[in-house]
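Geometric and topological summary
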Amino acid sequence: MRTKEGETELKVPEIEEDKFPPSSSGVFFNPRMESNRDLTIACVKANSPQKFFDAHSATGAKAIRVANEVSNDISVFACDWSKDAIEFIEKNREINQVGNVKIINQDNRIPLHKNKFDFIDLDPFGSPVPFLDASIESLIGEGILAITATDTAPLCGSHIKAGLRRYGARTLRTPYHKEVGLRTLLGKVIRKGAEKDKALIPQLSYYQNHYFRAYMKNKKGAEASDKLIEQIGVIQHCFGCGNRVIVKGYLPNLDEKCRCGKKYKNAGPLFLGELGDKGFIKQLIEQLEKDEIKTKEENQELLQTRLQEVDFPPTFYDIHKACKRLSTSAPKTKSLLKKLREKGFRATKTHFEPTGIKTDTSINELNKVIRSFN
Ligand SMILES: C[S@@+](CC[C@H](N)C(=O)[O-])C[C@H]1O[C@@H](n2cnc3c(N)ncnc32)[C@H](O)[C@@H]1O
């Protein structure tokens, strides 16, 4: 069947909603990932790379869109190890008559080891970890590594052992486990980069529709890597009172017990620095405004919320869970944010949860403000 994304017409497999991969041909195409692809295209436009490598190309949707919608000056590489996928990519190259797309039918780690690229997109089934070594090795200049991770269970604390194996980190199912997951993923990528004296600085990262996505910019050098590594550490969470403590450092000294007397549970090592860069996000907001895409509203809302969240401390509070612990009814998010700000605290919505807020308040202060509604 044919579909249109952005300005590009694509041949895609017939979609069977309840199947995985969601097509009978075995070639993967998920129409619900259109927003991810639209944002990728905006990001390529905003960063003007010379060599774009689509490591998990499937139908070639991203690669062909880059070639068709961004510029024909970019050398685009569409890689997939499946022969069936290659047929789709070839057809899509023909439909859009884009000459600047080279198609590679190999394990993507082979071309990554042999070549250098300044924009690499990883979009595997599950974890991106098996592809980190080769892609970070290949990334040059101030290049962008764009990563999708769909293995949310190990990242968010549901499959602890898999999290330890893949990410070398202890994850934790806290009320803000999606943020723990994202920070665990970033921590892994940053540590992998540091092995090669490359600082991979998060420009935009988020959770959406059961996957994580991160855009990280390469800055070469031991000094930049050291600086980024200083942002690795541990989150201590108290399941008794909801208190959380942020401790930076690879082997930090940790308190055993919370002030309420209950033992902390710890998550880490994970990244405790900024999840995004304001300048980068603003650039994407401007770019998206110009793009003719169906997901404009959804992506703009995501980016605006992400922009507000930059500069807030790690973790967020789920209002419903906080209220449940206090056996009180939940105030409206808007009213709670207003009251916190009136009291001199910083507070904003978070993209992670519709009932979540980010604030610089302690749990005790937050509890007082919540109680004041009753
Ligand atoms: C989730 S799909 C990619 C979806 C695509 N990026 C899109 O936006 O529609 C993953 C693809 O990666 C391919 N793949 C998985 N491991 C690979 C590897 N090591 N080298 C090359 N291709 C691989 C699979 O054949 C599959 O087509």
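The shown structure was predicted, so the numbers you read here are calculated from the model rather than taken from an experiment. (Residues numbered from 1 in each chain as written. Predicted model: local features only at pLDDT ≥ 70, side-chain atom pairs only at ≥ 80, totals over all residues. Heavy atoms only, no water.)

Comments concerning the nonpolar core
- The biggest cluster of nonpolar side chains holds 47 residues, and the ones touching the most others in it are Phe53, Ile120, Leu122, Leu145, Val189, Phe212 and Met216.
- With six residues, the single largest contributor to this core is helix α8 (residues 177–195).
- Beyond its immediate stretch of four places on either side in the chain, phenylalanine 212 contacts Ile147, Thr148, Ala149, Thr152, Leu155, Cys156, Lys178, Gly181, Leu182, Leu185, Tyr206 and Tyr207.
- In this structure, Phe52, Phe119, Leu284 and Leu303 belong to the second largest nonpolar core, which totals 41 residues. (Core = buried A, V, L, I, M, F, W, Y, C linked by side-chain atoms within 4.5 Å. Buried < 20%, exposed > 50% of the residue type's maximum accessible area, 1.4 Å probe, protein only. Helix = DSSP H or I, 4+ residues; strand = E, 2+ residues; numbered from the N terminus. Contact = heavy atoms within 4.5 Å.)

Side note on the sheet that holds strand β10 (residues 232–237)
- Read across the open sheet, the three strands follow the order β11-β10-β12; overall the sheet is antiparallel. Each edge of the sheet is formed by a strand with only one pairing partner; in this case those strands are β11 (244–248) and β12 (265–271). Here the average twist between neighbouring strands, direction ignored, is 20°.
- Bridge count for β10 against β12 is five bridges, and the pairing is antiparallel. By the bridge assignment for β12, isoleucine 235 is matched with alanine 267. (Pairing = 2+ DSSP bridges. Axes fitted to C-alpha atoms, helices over the stretch in contact; angles between N-to-C directions.)

Thoughts on the pairing of strand β6 (residues 117–122)
- Burial analysis of β6 places six of its six residues in the buried class, which makes it a mostly covered element.
- This β-α-β element, β6 to helix α5 (residues 132–138) to strand β7 (residues 139–149), shows right-handed connectivity. (Right-handed = clockwise from strand over helix to strand, strands pointing away.)

Section: the domain arrangement of the protein
- Assigned domains within the protein: domain 1 (2–309) and domain 2 (317–371).
- If you average the C-alpha positions of domain 1 and of domain 2, the two centres end up 30 Å apart.
- At the interface, 18 residues of domain 1 touch 13 residues of domain 2.
- When domain 1 packs against domain 2, the two sides together hide about 1,400 Å² of surface, and 54% of this comes from carbon and sulfur.
- Applying the counting rule to domain 1 against domain 2 returns two salt bridges.
- Between lysine 178 and glutamate 353 there is a salt bridge whose closest N-O contact spans 3.0 Å.
- Applying the counting rule to domain 1 against domain 2 returns seven residue pairs in polar contact (both at pLDDT 80 or more).
- Only α8, β8 (198–208) and α11 (296–309) provide two or more residues apiece to the side of domain 1 that touches domain 2.
- Ranked by residue count, the leading element in the side of domain 1 that touches domain 2 is α11, at five residues.
- Across the side of domain 1 that touches domain 2, the residue classes tally to seven nonpolar, five polar and six charged. (Domains from an automatic or database assignment. Buried area = accessible area lost by both parts, 1.4 Å probe. Salt bridge = Lys/Arg side-chain N within 4 Å of Asp/Glu carboxyl O. Polar contact = N/O pair within 3.5 Å; in protein donor to acceptor, adjacent residues only side chain to side chain. Nonpolar A, V, L, I, M, F, W, Y, C, P; charged D, E, K, R; others polar.)

A word on the environment of glutamine 97
- Topologically, glutamine 97 is positioned in the loop between α3 (83–96) and β5 (101–104).
- For the pair glutamine 97 and phenylalanine 373, spaced 276 residues apart in sequence, the C-alpha separation works out to 62 Å.

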